[in-house]
Every structure is written in C-alpha cells, then in structure tokens.
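These are the residues of each chain, in order.
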Amino acid sequence: MRRRNFLGALLASSTLPAVSWADAGSPAFVAAAQEPDGGYALFGLSELGEDLFRIPLPSRGHAAAAHPHAPEAVAFARRPGTFALVIDCVSGEVAHRLESPEGRHFYGHGAFLQDGGLLCTTENDITTGEGVIGLWSRAEGYRRVGELRSGGIGPHELIRLPGDVLAVANGGILTDPTQGDGREKLNIDTMMPNLAYVTLDGVQEIVELDPDLHKNSIRHLATDGETVAFAMQWEGELPDPVPLLGLHKRGQTPVLASAHLAEQLAMDGYAGSIAVDGDTVAITSPRGGRVHLFGLDGTFRESLKRTDLCGVASGPYGLVATDGLGGVWSITAKGLTPQVKANRAWDNHLVRIG
C-alpha cells in the first residue's frame, strides 16, 4: 500500500459519519439466515435477538463485517467468492460492491481498522496459494488501496486488536477455485496453520501449533483485548479428541484447551464459532450440537447441548447463540435460555456490533 494513498484515506475518514447505527434501530448483532422460501437475508438483532431490520441477500454468504459507527455491514460471498456487498442497513440498499482483483478470491471475513476508515479482507493469491489481506478505503467508496501478506495459507477470520493490530487465523488449507467447486482441500497432509499478528507494516508475529497438530485448522477468533482465543477444525481422521480451543497472548506459548474425553469426542473435531465474554470463552459445534464453556486460563467449565448450535457472540447482557432451527439463546448460569424462535435457519456466524 502506498503511504501517500494510506495517509489520504486516513485524513479523509477522520470524522465520524453523520448517520449511525441508531438510525438502523441500534442493533446489537447482525446475522444472515436462510428463509423458508430458500432465499437469504441479513438481519439486525436487538440484544435479546429480536428483529430490527431485514435486508434480502442475492445468495448465501459466510459472514459480515459491521462498521464500528456507520450503519454499514459488508456481506461476503461464500468461499471462493469474488464479491462482497457493502449494505446500507438504514435504506436496505447496496451502497458498494467489492470485486476481488484478478487472481484473488475472498475467504468470507473482514474487519475494520483506523476507526472504520479501512476495511481489511482475507483473500487467496490463487497463483502462489499465499494468504493476502486486501485493504479498502471507505472514504474513497471502498476503493482497493493495497494489500498485505497474511503470514500463511488460507486466512479465514481476522479481527482487530487494540493499536490497530490484526489477529489472523491462517487455516493452512490450500484451495484453488479453478479446480472443481473451488472448495477442495489440496494439502491436508502438509498443511501448517498458524495465528499471525499483522499491522500495516507487515507480519509482526506468527504462532504455530506442534507438528502433531498440523491438521488442526485455525479458523475463527475472538478476544478480550489481551488474549486471542482461536477455534479449530480437525482435518485428520475421526474420532480424535484433539483440542479445538487455543488461547494466546503476544510473545507467549499458546494454551490449548480441551473438555473431558467424552465431551471432546462429542464435538466431532469441529468448532464452528467462538466468543469471549468477561472471563468466559465459548466455542460451538453444530456437528456435536453443543457449546463448550471455558475460562480464559483454559479450564473447562460446562457443556450445553442444542441441535445445530453454531453462531455465538458477546452481547450487552452476556453470551448469545443462534442455531440452524431459528432459535436465539442466551447463555447464563442457568444454561441455554430461549429468547426468540424465528422461522428461518441462522447461518454460522453472529456478529457483534461495536
């Protein structure tokens, strides 16, 4: 990214937008879902999971990135998609359409830096297989202004940390959109996932797993601002009680956390989403039909069961989860408490706003 372009984008975006999330009903979360007619829509939800807005989507997405101030959500096409839609959540209109450059495709996640002035997207360099972070200037109509290396192969989710540092889940899985449906995993025997810390100056730190866990793909991330929690998906043979949660602080060795044997096997090698709320970390498994709760020190606390539970996020009143049957649940000391039951199938991710 050229320094002059970056500084210009930063200066142009230094003031907060005139329109805020309050104009869209002050949602606490955004989430996508499939509706009974087979179509897809993006929903804004209250802190209790009630609908505040609904915006139709042209096809199934993967996740959305919510702007920290403006009522805008960037909905990404499912991997190996080549477009993303910037949606005005007040008007319901598509404000901008992002097209990945030639030789790139999106991996389905994004995050904002510079107080919302710069959108960062996880991408694949199709020729080399290296992971890329695309940079898009909001002040210039989401024009692409540069890119960074992600520090690994197959970057999936990325999140902003204090100081405008990006934590990047490099899943380690090589794919090629020119082969089959573009989702075939080409390097399982040699894959090497990692957690990378990246700034606009480049990769600052890379954290790798032990060699015997090289098939444990790091996929999704959450943080309390200091500890980065990462959810993993096992690409080896099952059943296998491999850890599916990792906890890391900069400059330290990661802590890998597991439940007791029966519960760990019940997760079926798959953690679909992750959230941190206070001193609690939650990972979900739609395959296992449960959510596991841990302390930030990696101590297993509890397992709560619900069919097809996947989306989870920290809300104003604690952890909230969604399932593929239309349910929105709060996670409390009493367990899973139903909040809303809607006639839709929630997708895998529940995104906190702010």
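Higher on the page you've got the structure.
Quick summary incoming for the structure in this document. Note that the structure is a prediction, hence the values are computed from the model and not measured. (Residues numbered from 1 in each chain as written. Predicted model: local features only at pLDDT ≥ 70, side-chain atom pairs only at ≥ 80, totals over all residues. Heavy atoms only, no water.)

## Description of unusual backbone geometry
Item 1. Cis geometry marks the peptide bond from leucine 238 to proline 239; its omega dihedral reads 0 degrees.
Item 2. Among the secondary structure elements, proline 239 is positioned in the loop between strand E17 (228–234) and strand E18 (245–248).
Item 3. Non-glycine residue aspartate 164 carries a positive phi angle of around 55 degrees.
Item 4. With respect to the secondary-structure elements, aspartate 164 resides in the loop between strand E12 (155–161) and strand E13 (165–170).
Item 5. For aspartate 308, which is not glycine, the phi dihedral falls at a positive 55 degrees.
Item 6. By the secondary structure assignment, aspartate 308 is in the loop between strand E23 (300–305) and strand E24 (309–315). (Helix = DSSP H or I, 4+ residues; strand = E, 2+ residues; numbered from the N terminus.)

## As for empty space enclosed by the protein
In this approach, a probe sized like a water molecule rolls over the atoms, and the result shows the empty space that is left.
Item 1. In the structure shown here, the tally under the stated rule is four cavities of 30 Å³ or more.
Item 2. The computed volume of the largest cavity comes to approximately 90 Å³.
Item 3. Those elements giving two or more residues to the lining of the largest cavity turn out to be strand E1 (29–34), strand E4 (61–66), strand E5 (72–77) and strand E28 (345–352).
Item 4. Of the residues forming the lining of the largest cavity, the biggest block, four residues, is contributed by E4. (1 Å grid on protein atoms, 1.4 Å probe; cavity = no way out; pocket = protein on both sides within 12 Å on 5 of 7 lines; lining within 4 Å. Points joined across faces, edges and corners; volume = space filled by probe spheres on them.)

## Describing the sheet that holds strand E15 (residues 202–208)
Item 1. Ordered by their spatial adjacency, four strands build an open sheet running E12-E13-E14-E15, and the pairing between neighbours is antiparallel. Taken across any chain shown, the strands that pair with only one partner, and hence form the sheet edges, are E12 and E15. Shown here is a sheet whose adjacent strand axes are inclined to one another by a mean of 20 degrees, direction ignored.
Item 2. Here E12 pairs with E13 via five bridges, running antiparallel. (Pairing = 2+ DSSP bridges. Axes fitted to C-alpha atoms, helices over the stretch in contact; angles between N-to-C directions.)

## What to know about the layout of surface pockets
Item 1. One number sums up the size of the largest pocket: a volume of about 990 Å³.
Item 2. Listing elements by their share of the lining of the largest pocket, those giving two or more residues are E4, strand E8 (104–113), E12, strand E16 (216–223), strand E20 (273–277), E24 and E28.
Item 3. Take the lining of the largest pocket: its biggest share by element is five residues, from E12.
Item 4. Residues belonging to the lining of the largest pocket are distributed by class as follows: 20 nonpolar, eleven polar and six charged.
Item 5. In this structure, the second largest pocket is lined by 22 residues; those nearest its centre are Arg79, Arg183, Arg219, Gln233 and Tyr270.
Item 6. Of all the secondary-structure elements, those providing two or more residues to the lining of the second largest pocket are E16, E17 and E28. (Nonpolar A, V, L, I, M, F, W, Y, C, P; charged D, E, K, R; others polar.)

## A few points about the pattern of salt bridges
Item 1. Under the definition given, this model contains 21 salt bridges.
Item 2. Between lysine 185 and glutamate 235 there is a salt bridge, with the nearest N and O atoms lying 3.0 Å from each other. Here lysine 185, found in the loop between E13 and strand E14 (194–199), pairs with glutamate 235, found in the loop between E17 and E18; they are 50 residues apart in sequence, far enough to count as distant.
Item 3. A salt bridge links glutamate 226 to lysine 249; the nearest nitrogen and oxygen atoms lie 3.7 Å apart. Note that glutamate 226 is positioned in the loop between E16 and E17 and lysine 249 in the loop between E18 and strand E19 (255–257), a separation of 23 residues in sequence.
Item 4. The class for lysine 249 is partly exposed, based on a relative accessible area of 31%.
Item 5. Several salt bridges converge on common partners, so that one network encompasses Arg104, Glu123, Asp125, Glu130, Arg144, Glu147 and Arg149. (Salt bridge = Lys/Arg side-chain N within 4 Å of Asp/Glu carboxyl O. Buried < 20%, exposed > 50% of the residue type's maximum accessible area, 1.4 Å probe, protein only.)

## Section: the nonpolar core
Item 1. Counting 31 residues, the largest nonpolar core has Leu245 and Ile283 as its most contacted members.
Item 2. For this core, the secondary-structure elements that each account for two or more residues are E12, E13, E14, E16, E17, E18, E20 and strand E21 (280–285).
Item 3. Tallying contributions element by element places E17 first for this core, with six residues.
Item 4. Apart from residues lying up to four places away in sequence, isoleucine 283 is in contact with Ala231, Leu244, Leu245, Met267, Ala271, Ser273, Ile274, Arg290, Val291, His292 and Phe294. (Core = buried A, V, L, I, M, F, W, Y, C linked by side-chain atoms within 4.5 Å. Contact = heavy atoms within 4.5 Å.)

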